[in-house]
Amino acid sequence: MGATELLQFALAGLKNGSIYALVALGFTLVYAATGVINFAQGEFYMLGGMLSVWAYAGLGLPLPLAGLVGVVSTAAIGVIFELLAIRQRKDGDPLALIIITVGGSMVLSSMARHLFGPNERPLPLFSGGGSVSVFGAVLEVQTIWIIGMTAIAVACLWYLYNRTGLGRAMRACAVNRDAARIVGIDTRLMVTVSFLLAAGLGALAGLAVTPLTQTAFDVGPTVGIKGFAAAILGGLGNPIAAVVGGLVLGMLESVSIAFISSTYKDAIALVVLLAVLFVRPQGLLGRSRREKV
Amino acid sequence: MSYEPRIVLSVEGVHAGYGHVSVVRGIDLRVAEGELVTLIGANGAGKSTLLKTIVGLVSPTAGTIHFLEQDITRMRPDRAVRAGLALVPEGRMLFGPMTVEENLELGAHARDRSDSAEDLKRVFDLFPVLQERRSQTAATLSGGEQQMLAVARALMARPRLLLLDEPSLGLAPKVIKEIFAALDRLKAEGLTILLVEQDARLALKHADRGYVMRTGSIALAGNAADLLADDDVRLIYLGAWHGEGESS
Ligand SMILES: Nc1ncnc2c1ncn2[C@@H]1O[C@H](COP(=O)(O)OP(=O)(O)O)[C@@H](O)[C@H]1O
Ligand SMILES: [Mg+2]
């Protein structure tokens, strides 16, 4: 296999890895605020695509505006989901909350099927079907969009997390919720914010990918598993780790296609998930849970 | 003309616990403005639970809690901080992976932070070692420094009432002395303090008044000097009597 081909696989890995990174960020942000895995995360990805298609094809909005509607309305659904389903469980019992997210996931995909039908829905490429050549490898313009939008979203999130009072409060919640409460942080608000961001980031991924793959009411769970595996791989609860986990998982998939067979591509996430849970449960960047004081 | 000090905290008939286990059983307690009041008692008596109930981490099953004439019974902790309470919790509960400075800024989370620089100066003046350590993570501090940081973080909220839960626990005598000197200074500056301690003698030496708690209720209350002089032995007896039965 030549260098050009390898580069081609690397670019594909980077593209898929960006998507996994966004979905993984959603898992990690909610986990940091609640200690719970949100199994509805994949549905935010689905809704981002489906609602953008609805705004574009159904409402006839121009594509950029339709995409904005898709992402913002999904973020709003994330908030409503938190207020109606998560917040009602006052004791915050993790097992109960996880089951609520599983149920929520089913409700969201059934609703999408009911409202938008069972068919695959397309969206046009953001800026036409062109591609550029990178050292001989083909880089589609839509891929540049995907990687670029991910990079911008990650940069914004980094700034929010590390440079603002809200971000500091979110990190404090992740370290110790009771400690956060006694310094005056409204931890329930932080949970709502985490769902808003998780839904928005998932929706952004769904929006960016739909022009390449189309979307449907049932695309959530597959991407959900991959984003989950990526979040675990990096180290749950840490946003940087989620991004690293997403990119590494994307690359591993590419490597498996390059050297084994594309048949196994979707199994890689599960293999990674199990391997991490057995060998290094805290993830690549995670510290074993002893940094609390 | 007699001067009646204002009551800052008034706990009346409070019951609280965890699930079906009742731990605090009918506590009445008052703290007046400028006082340093201590709550002493053996391990497991329910002191920490009472503090957690006052700040809203635990919800009382009966009774009322008033803070500066405001009913704060069942108020959420983040609201209680805004009302003017600050807790230095048992075990400190610092944000370990975050820096000393970030911990302190989080202490000021509940209020307008435009003047937090001034408050930082104040707490660095009280605990100079924190200034040296300001960009280290809290997890890397020694136990004594962590306790100082916990006190400083609470002060960043500019509380009207400071609640402390066993600030001497596990610390060397020299560090304990330093922390209690800081409490004396805060009291002299007019801060109202409710101090939970297991070391009864130490606490009473610094306090104006004391309550002795035993299995969820107040067994004894009085002036700190009286409690100290009057009945060292009895205090210790109360502690020992209780410790025997409940320690686990
Ligand atoms: N989070 C909790 N859940 C259940 N029981 C608790 C909890 N915290 C404390 N207890 C129990 O409540 C009783 C009083 O504890 P605590 O208030 O911590 O006492 P103290 O601070 O006086 O040592 C103890 O028997 C303890 O085991
Ligand atoms: Mg205690």
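Residues numbered from 1 in each chain as written. Chains lettered and ligands numbered in written order. Predicted model: local features only at pLDDT ≥ 70, side-chain atom pairs only at ≥ 80, totals over all residues. Heavy atoms only, no water.

Points about the packing of helix α6 (residues 165–175) of chain A against helix α8 (residues 187–213) of chain A
Residues and elements named next belong to chain A.
Okay, so step 1: The N-to-C vectors of α6 and α8 enclose an angle of 105°; their axes lie 10 Å apart at closest approach. Taken as axis vectors, α6 and α8 run roughly perpendicular relative to one another. Facing L166, A169, M170 and C173 of α6, the residues of α8 in contact are T187, M190, V193, S194 and L197.
Okay, so step 2: Here the residues of the contact of α6 with α8 are counted per class, giving seven nonpolar, two polar and no charged. (Axes fitted to C-alpha atoms, helices over the stretch in contact; angles between N-to-C directions. Helix = DSSP H or I, 4+ residues; strand = E, 2+ residues; numbered from the N terminus. Parallel < 35°, antiparallel > 145°, perpendicular 65-115°, else oblique. Contact = heavy atoms within 4.5 Å. Nonpolar A, V, L, I, M, F, W, Y, C, P; charged D, E, K, R; others polar.)

Quick look at the domain arrangement of chain B
Residues and elements named next belong to chain B.
Okay, so step 1: Taken domain by domain, chain B holds domain 1 (1–84 + 160–237) and domain 2 (95–158).
Okay, so step 2: For domain 1 and domain 2, the distance between their C-alpha centroids amounts to 23 Å.
Okay, so step 3: Both sides of the domain 1 and domain 2 interface together cover about 1,200 Å² of buried area, and 72% of this is carbon and sulfur.
Okay, so step 4: Viewed at the interface, domain 2 and domain 1 are joined by one salt bridge.
Okay, so step 5: The partner of R185 in a salt bridge is D125, with the nearest N and O atoms 2.6 Å apart.
Okay, so step 6: Counting every contact that joins domain 1 to domain 2 gives one residue pair in polar contact (both at pLDDT 80 or more).
Okay, so step 7: If you list the elements that add at least two residues to the side of domain 1 that touches domain 2, you get α2 (77–83), β7 (161–165) and α7 (173–188).
Okay, so step 8: Looking at the side of domain 1 that touches domain 2 element by element, the count peaks at six residues for α7. (Domains from an automatic or database assignment. Buried area = accessible area lost by both parts, 1.4 Å probe. Salt bridge = Lys/Arg side-chain N within 4 Å of Asp/Glu carboxyl O. Polar contact = N/O pair within 3.5 Å; in protein donor to acceptor, adjacent residues only side chain to side chain.)

Some details on the pattern of salt bridges
Okay, so step 1: This structure, assessed with the given rule, holds 23 salt bridges over all chains.
Okay, so step 2: Among the salt bridges present, the one from D91 of chain A reaches R89 of chain A, with a minimum N-O distance of 2.8 Å.
Okay, so step 3: With relative accessibility at 54%, the residue D91 of chain A sits in the exposed group.
Okay, so step 4: Under the relative-accessibility criterion, R89 of chain A is labelled partly exposed at 34%.
Okay, so step 5: Through salt bridges with shared partners, a single network forms among R111, E118, D119, R122 and R158 of chain B. (Buried < 20%, exposed > 50% of the residue type's maximum accessible area, 1.4 Å probe, protein only.)

Things to note about the pairing of strand β2 (residues 137–140) of chain A
Okay, so step 1: Burial of β2 of chain A is one-sided: the residues A137 and L139 of chain A facing one way are buried, the residues V138 and E140 of chain A facing the other way are not.
Okay, so step 2: The loop that links strand β1 (residues 131–134) of chain A with its antiparallel partner β2 of chain A comprises two residues; one of these, F135 of chain A, has a positive phi angle of about 45°. (Pairing = 2+ DSSP bridges.)

So, the interface of chain B and chain A
Okay, so step 1: Facing the 27 residues of chain B at the interface are 19 residues of chain A.
Okay, so step 2: When chain B packs against chain A, close to 2,100 Å² is buried across both sides, 63% of that on carbon and sulfur atoms.
Okay, so step 3: On the chain B side of the contact with chain A, M93, F95 and H109 of chain B bury the most area, a combined 23% of that side's loss.
Okay, so step 4: There are three salt bridges connecting chain B and chain A.
Okay, so step 5: The partner of D186 of chain A in a salt bridge is R76 of chain B, with the nearest N and O atoms 3.3 Å apart.
Okay, so step 6: At the boundary of chain B and chain A, one finds four residue pairs in polar contact (both at pLDDT 80 or more).

Here's the deal with the sheet that holds strand β1 (residues 7–18) of chain B
Residue and element names in this part refer to chain B.
Okay, so step 1: With antiparallel pairing, four strands are arranged side by side in an open sheet as β2-β1-β4-β5. Where the open sheet ends on each side, the last strands, each with one partner, are β2 (21–32) and β5 (70–71).
Okay, so step 2: Sheet analysis places strand β4 (residues 62–67) next to β5, joined by two bridges and oriented antiparallel. Looking at β5, one finds that H66 is bridged to D71.

Overview of the sheet that holds strand β3 (residues 36–40) of chain B
All names here are of chain B.
Okay, so step 1: Strand order in the open sheet formed by six strands is β6-β7-β8-β3-β9-β10, and the pairing between neighbours is mixed. Strand pairing shows two members of the sheet lacking a second neighbour, β6 (85–88) and β10 (217–223), which therefore form its edges. For this sheet, the mean inter-axis angle between neighbouring strands, taken without regard to orientation, is 15°.
Okay, so step 2: As judged from the five bridges shared by β3 and strand β8 (residues 192–197), these two strands associate in the parallel manner. Within β8, the residue paired with I40 across the bridge is E197.
Okay, so step 3: The sheet strands contacting helix α1 (residues 47–55) are β3, β6, β7, β8 and β9 (209–214), and the helix crosses β7 at an angle near 150°.

Examining the coordination of the magnesium ion (ligand 2)
Okay, so step 1: On the protein side, the magnesium ion (ligand 2) has S48 of chain B (OG) and E90 of chain B (OE) as donor atoms, found 2.0 to 2.4 Å from it. Within this pair, whereas S48 of chain B is found in helix α1, its partner E90 of chain B is found in the loop between β6 and α3 (100–107), the two being separated by 42 residues in sequence. (Donors = N, O, S within 2.8 Å, 3.2 Å for Na, K, Ca; no water.)

Quick word on the pairing of β8 of chain B
Residues and elements named next belong to chain B.
Okay, so step 1: In terms of residue burial, β8 counts as a mostly covered element, since six of its six residues are buried.
Okay, so step 2: Of the two faces of β8, the one carrying T192, L194 and V196 and the one carrying I193, L195 and E197 are both buried.
Okay, so step 3: As paired strands, β7 and β8 are joined by five bridges and run parallel to one another. Counted as the bridge partner of L161 is T192 from β8.
Okay, so step 4: With α7 bridging β7 and the parallel β8, this β-α-β connection has right-handed handedness. (Right-handed = clockwise from strand over helix to strand, strands pointing away.)

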